[in-house]
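Residue strings, one per chain:
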Amino acid sequence: MPILRSVCPLDCPDACSLHITVEDGVMTQLAGDPEHPVTQGFACVKTRHYPARQNHPERLRVPLKRVGRKGEGRFRRVSWDEALDDIAARTQEVVRAYGAESVLPYNYAGTMGLCERDQPLAFFRAIGASELEQTICATTGGAAWEMNYGPGKLAPELGDVEHARLILLWGINSLRSNSHLTPFLKRARARGARVIHIDPYRNETSRFADEHLQLTPGTDAALALALGGVILEEGLEDAAYLSAHAKGLGAYRAACAAWPPERAAAFCGLGPGGAARVRELARAFAAAGAAFIRVGYGMTRNEGGGNALRAVTLLPALTGAWRHRGGGAMLSTSGSFGLNTSRLGGQHLLRRGVRRVNMNRLASALELTENPIKALFVFNANPAAVAPDSSRVRAGLAREDLFTVVLEHFQTDTADYADYLLPATTFLEHPDLYTSYGHHYLGWAEPVVAPLGECKPNTWVFRELASRLGLADETLFWGAEEVARALLDSEHPHLRGITFERLQRERSVKLALPQPYRPYAAGSSFADRKIRFAPAPEQLEFEERLSERFPLRLISPPGSHLLNTTMGNIPALLKAAGGEPQVVINPRDAARLGVRHGERHRVVSAHGSILRKVVVSDDAKEGVLVALGQWWPKLAPDGRSLNDLTGERLTDLGGGSTFGNVPVQVEPVEAP
Ligand SMILES: Nc1nc2c(c(=O)[nH]1)N[C@H]1C(S)=C(S)[C@@H](COP(=O)(O)OP(=O)(O)OC[C@H]3O[C@@H](n4cnc5c(=O)[nH]c(N)nc54)[C@H](O)[C@@H]3O)O[C@H]1N2
Ligand SMILES: Nc1nc2c(c(=O)[nH]1)N[C@H]1C(S)=C(S)[C@@H](COP(=O)(O)OP(=O)(O)OC[C@H]3O[C@@H](n4cnc5c(=O)[nH]c(N)nc54)[C@H](O)[C@@H]3O)O[C@H]1N2
Ligand SMILES: [Mo]
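Residue indices begin from 1 for each chain and proceed along its sequence in written order. Throughout, the order in which chains and ligands are written sets their labels, letters from A for the former and numbers from 1 for the latter. Thresholds applied to this predicted model are a pLDDT of at least 70 for local features of residues and 80 or more for the giving and counting of side-chain atom pairs; totals over whole chains, interfaces and linings are not thresholded and use all residues. With hydrogens and water excluded, all non-hydrogen atoms of the structure serve as input to the side-chain values.

**Brief notes about the packing of helix H10 (residues 220-233) against helix H12 (residues 249-257)**
As a reminder, the rule being used: Throughout, an axis means a line fitted to C-alpha atoms (over the contacting stretch in the case of helices), and angles, computed between N-to-C directions, take values from 0 to 180 degrees. We count a stretch as a helix when DSSP gives it H or I for four or more residues in a row; a strand needs E for two or more, and each element gets its number in order from the N terminus. Orientation labels follow simple angle bins: below 35 degrees gives roughly parallel, above 145 gives roughly antiparallel, 65 to 115 gives roughly perpendicular, and whatever is left gives oblique. In this analysis, two residues are considered to be in contact whenever any of their non-hydrogen atoms come within 4.5 Å of each other. All amino acids are sorted into three groups, where Ala, Val, Leu, Ile, Met, Phe, Trp, Tyr, Cys and Pro are nonpolar, Asp, Glu, Lys and Arg are charged, and the leftover types, Gly among them, are polar.
Look at H10 against H12: their axes get within 8 Å of each other, and the N-to-C directions meet at 110 degrees. With respect to each other, H10 and H12 are oriented roughly perpendicular. Across from Ala224, Leu225, Gly228, Gly229 and Leu232 in H10, the residues of H12 making contact are Tyr252, Arg253, Ala255 and Cys256. Across the contact of H10 with H12, the residue classes tally to six nonpolar, two polar and one charged.

**Let's talk about the site of ligand 2**
Keep this limit in mind: A molecule or strand has a residue near it when one of that residue's heavy atoms lies within 4 Å. Side-chain atoms alone can form a polar contact between residues adjacent in sequence; in general such a contact is a pair of N or O atoms within 3.5 Å, and within protein one must be able to donate a hydrogen while the other accepts it. Per-residue accessibility takes into account occlusion by the displayed protein chains alone, with areas from the Shrake-Rupley method and a 1.4 Å probe. In this entry, domain limits derive from an automatic or database-based domain assignment.
In the vicinity of ligand 2, 30 residues are found, and the nearest of them are Arg53, Glu408, Asn458, Thr565 and Thr566. Contacts to ligand 2 include Ser556, whose side-chain N or O atom sits 2.9 Å from a nitrogen atom. At a separation of 3.1 Å, a nitrogen atom of ligand 2 approaches a polar side-chain atom of Gln630. Protein burial of ligand 2: of its 920 Å² of free accessible surface, 96% is covered by the chains. Summarising the domain contributions, the shell around ligand 2 has at least three residues from each of domain 2 (64-136 + 358-506) and domain 4 (552-668).

**Looking at the site of ligand 1**
The full set close to ligand 1 counts 33 residues, and Ser177, Asp199, Asp220, Tyr297 and Leu562 are the nearest of them. Take Arg176: an N or O atom from its main chain is 3.3 Å from a nitrogen atom of ligand 1. The separation between an oxygen atom of ligand 1 and a polar side-chain atom of Ser177 is 2.4 Å. Starting from 900 Å² of accessible surface for ligand 1 in isolation, the protein chains cover 96%.

**So, helix H8 (residues 182-190)**
Cut-off, in case you're wondering: Only protein chains enter the area calculation, which uses a 1.4 Å probe; residues under 20% of their type maximum are buried, those over 50% are exposed, and those in between are partly exposed. The directions from the helix axis to the C-beta atoms are what the arc is built from.
By the burial criterion, the buried members of H8 are Thr182, Phe184, Leu185 and Ala188. End-on, the buried residues of H8 take up no more than an arc of 160 degrees, which puts them together on one face. Against strand S8 (166-170), helix H7 (174-177) and helix H9 (204-208) lie the buried residues of H8. With its phi angle positive at about 105 degrees, Gly192 sits one or two positions after the end of H8.

**Thoughts on the pairing of strand S26 (residues 624-627)**
Keep this limit in mind: Criterion used throughout: strands pair if DSSP finds at least two bridges between them.
Burial along S26 is two-sided: Val624 and Val626 and Leu625 and Ala627, pointing in opposite directions, are all buried. Examined bridge by bridge, strand S22 (residues 552-555) and S26 share three bridges and lie parallel to one another. Following the sheet pairing, Leu554 is matched in S26 by Leu625. For strand S23 (residues 582-585) and S26, the ladder comprises three bridges, and the chain directions are antiparallel. Residue Ile585 lies in a different strand from S26, and its bridge partner there is Leu625.

**Some thoughts on the layout of surface pockets**
Over the atoms, a rolling probe the size of a water molecule traces out where space has been left empty. Put simply, the test is: Lining residues are defined by having an atom within 4 Å of a point belonging to a cavity or pocket. Those points lie on a 1 Å grid over the protein atoms alone, cavities being sets where a 1.4 Å probe fits but cannot get out and pockets being open sets with protein on both sides within 12 Å along at least five of seven lines. Grid points are joined across faces, edges and corners, and a volume is the space filled by probe spheres set on the points.
Estimates place the volume of the largest pocket at around 1,300 Å³. Elements that contribute at least two residues to the lining of the largest pocket include exactly helix H4 (114-118), helix H5 (121-127), strand S7 (131-133) and helix H6 (139-149). With four residues, H6 is the single largest residue contributor to the lining of the largest pocket. Residues of the lining of the largest pocket, tallied by class, amount to 15 nonpolar, 13 polar and seven charged. Each of domain 2 (64-136 + 358-506) and domain 3 (140-331 + 520-532) gives at least three residues to the lining of the largest pocket.

**Focus on the nonpolar core**
The cut-off we apply is this: Side-chain atoms within 4.5 Å are what join buried Ala, Val, Leu, Ile, Met, Phe, Trp, Tyr and Cys residues into a set we call a nonpolar core.
Within the largest apolar cluster, 143 residues are counted, with the highest numbers of intra-cluster contacts made by Tyr106, Trp170, Leu223 and Leu442. Counting residues per element, this core draws most heavily on H10, which supplies ten residues. Leaving out residues up to four positions away in the same chain, Leu223 has contacts with Trp170, Ile198, Leu213, Leu215, Cys268, Leu270 and Val278. Counting residues in hydrophobic clusters, the runner-up holds 32 residues, among them Ala375, Val405, Leu465 and Leu476.

**A short note on the UniProt feature "domain: 4Fe-4S Mo/W bis-MGD-type" (unreviewed entry) in the protein**
Put simply, the test is: UniProt positions are given in the numbering used here, feature names are shortened, and annotations may be inferred rather than shown by experiment.
The UniProt record annotates "domain: 4Fe-4S Mo/W bis-MGD-type" (unreviewed entry) at residues 1-58. Each end of residues 1-58 is marked by a C-alpha atom, and these two atoms are 27 Å apart; helix forms 16% of the span and strand 33%.

**Some details on the sheet that holds strand S25 (residues 609-616)**
Spatially, six strands are ordered S22-S26-S23-S25-S24-S27 in a closed barrel, and the strand pairing comes out mixed. Across the sheet, the axes of successive neighbouring strands diverge by a mean angle of 45 degrees, strand direction being ignored. Two elements, strand S24 (residues 600-605) and strand S27 (residues 662-667), share four bridges in a ladder whose sense is antiparallel. Along S27, the bridge assignment pairs Val603 with Val666.

**Overview of the sheet that holds strand S3 (residues 26-32)**
Taking strand neighbours across the sheet as the criterion, the three strands line up as S1-S2-S3 in an open arrangement whose pairing is antiparallel. In this open sheet, the two edge strands, each paired with only one partner strand, are strand S1 (3-7) and S3. Direction aside, the axes of adjacent strands within the sheet are offset by 35 degrees on average. Note: strand S2 (residues 17-23) against S3, six bridges, orientation antiparallel. Across the sheet, Ile20 pairs through a bridge with Leu30, a residue of S3.

**Some thoughts on the environment of Ala257**
Along the chain, the position of Ala257 falls in helix H12. Given a relative accessible area of 59%, Ala257 falls into the exposed group. As a C-alpha pair, Ala257 and Gly568 span 311 residues in sequence and 47 Å in three-dimensional space.

**Looking at empty space enclosed by the protein**
If you walk through the whole model with that rule in mind, you get nine cavities of 30 Å³ or more. By volume, the second largest cavity amounts to about 100 Å³. Lining the second largest cavity are 15 residues, and of these Cys8, Cys12, Asp14, Cys44 and Thr47 lie nearest its centre. Viewed by domain, the lining of the second largest cavity spans two of them, domain 1 (3-54) and domain 3 (140-331 + 520-532), each represented by three or more residues.

**Quick notes on the domain arrangement of the protein**
Threshold: Buried area adds together the accessible area that both of two parts lose upon being put together, with accessible area traced by a 1.4 Å probe. A pair is scored as a salt bridge if a Lys or Arg side-chain nitrogen falls within 4 Å of a carboxyl oxygen belonging to Asp or Glu.
According to the domain assignment, the protein contains domain 1 (3-54), domain 2 (64-136 + 358-506), domain 3 (140-331 + 520-532) and domain 4 (552-668). On a C-alpha basis, the centres of domain 3 and domain 4 stand 28 Å from each other. Contacts between domain 3 and domain 4 engage 27 residues on the former and 24 residues on the latter. A combined buried area of about 1,900 Å² lies between domain 3 and domain 4, and 55% of that area is made up of carbon and sulfur atoms. The shortest N-O distance in the salt bridge between Asp619 and Arg202 comes to 2.9 Å. For the interface between domain 3 and domain 4, the tally reads 15 residue pairs in polar contact (both at pLDDT 80 or more). Counting only elements with at least two residues in the side of domain 3 that touches domain 4, the list comes to H6, H9 and helix H15 (305-318). Residues of the side of domain 3 that touches domain 4, tallied by class, amount to eight nonpolar, twelve polar and seven charged.

The following block contains the structure:
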């Protein structure tokens, strides 16, 4: 039985190396590569179920054209030529009548492969379509990191984490969303490291950690500034490191002074003894030398998320933790790859001044009456479910005058609104190049099975459209190998010795990092060698305040058994995730509201209302409602999305979404 190699394409920091078993041309099993230093033979619960997704009876197999009303999801089979000719003609019509900016791509990270994820954008940039700002996930964290540390997000090697003495898992459920970090944490702990989870929701990671600080959502900046304040007040900062690498410390010192531990502990809801815990943690952090913070994007999804992440990630600079093996912080390793992206996705074709649409405001974009969006191409994404204010998104998608093309594996809620629904290949059926945001290995995968039915890669579809529109730029017609070769054509030292041939042979290749690798310490080449403490991060107040009407804060972390909505139709995973979408509520809130465990009740915000099963548990902090994972709206009991509750308000930095912190109320539904 042949075992073939691949790379997990899911949006996750781990980008695992996989072993795929194929029998009679069908994928039957999937396992983590036992030889890979990060994957270590382990495939997570989601990826392990990929065979059920790959061979799902409802996979789309042929191109489909709408026959019913918009959103009804009724289609008839058409040939690829019929579909592509008509899509090309209608796109040209829209461009002629309304201008190229009336065309909008909406895409995100359904696959993390650079060819199938990014390269299709070349088509849109060549025609001068509106440019989508891809802000739904990582831009708040990214902008915050770069304000502190300059361009490029760098982090220590996972292999060094075992040398950390103190580890903070801050706003991340790493056991589920970055599960291949766990063996490194265990090794550190075996050598005496202390692990602390800082998160409003007590989850798998809190139970794994030695301690849990259950703070109120959106109060992280106050906690981090208080920690900084104690470190400065007690003279525990690393003066030599700061004089070599820091600027703007005065402003930072003043910002910290505003948050004495007593004030911060009360503000963060740390309870009795909170101030003493803050002091003790600050001292331990400084004393550890090699302190390591794994910080998540989860804590950035609120109005003050950028400032919060800045405040948290300045701590290892303050104490010089970056100088120590295993010390520092990790938001993402994405800045270490050094690929030549100058022509990826037609970067070079992007027209200056073209209209930009923030994807968190898709609902409003679809409502524009001046310079309206008239053609929408969705791929690698499911906006009817995941985008803020999703009932308004769905209303926009229902416009009869909006020409919509969706490239998908399944008939998702978004696909229901398509005029053309085109069957896409999976990562097992097309080649691609993978980076990672949690480790330092480049991956290359080739198809291990033939495409199902008439499925085609995204890149094939846009090559066909480009030729039908008579577009000329050569990069529009690149295949995966050409994309990969262009990306590797880079002078970056981390890519020294990494050729396409080597990648093709070895499949997973570690970046040529200098050894020892200390990304923000002497001897490393980070952007301008200065870490910016000014303007100082601040604890921002929320504009969307709690009120008598909406007294609870809803957070919506990733589901343990789900991957955004990508695994949202795999029965075994849905069962493991509880069978239906749930919200966790603290027993005191439940008692006050008169709701009981297992009942379905209404969750209401300023934007909408959904029906959800209630789980009563003090895993949720009092005052906080936790929605677990994103479900397909059409598979929820009320056909609605969690994002019917969320709004289009943006974060303080990076234009990110604030769907991580929404004022809501639970309204008891009378028992039938
Ligand atoms: N199993 C699983 N893994 C995933 C995903 C998935 O859907 N399921 N999604 C993937 C994707 S797209 C991404 S972007 C990453 C996301 O990963 P991250 O967002 O980096 O981290 P998560 O593990 O999702 O954890 C978010 C955590 O932040 C907590 N949190 C929420 N608000 C606050 C706050 O204000 N302060 C603090 N301190 N904590 C807060 C939540 O309770 C939750 O435990 O994970 C990826 N991995
Ligand atoms: N309330 C709330 N909303 C959130 C979040 C939250 O925490 N709370 N998290 C947000 C985050 S972090 C993210 S990253 C986004 C994720 O949102 P999306 O990036 O939209 O991710 P998915 O919902 O998983 O949808 C991806 C789709 O891409 C398809 N796909 C996968 N591979 C391919 C391919 O090769 N070709 C084509 N054509 N299609 C493919 C899959 O079938 C799937 O339907 O959601 C965001 N929405
Ligand atoms: Mo994400």
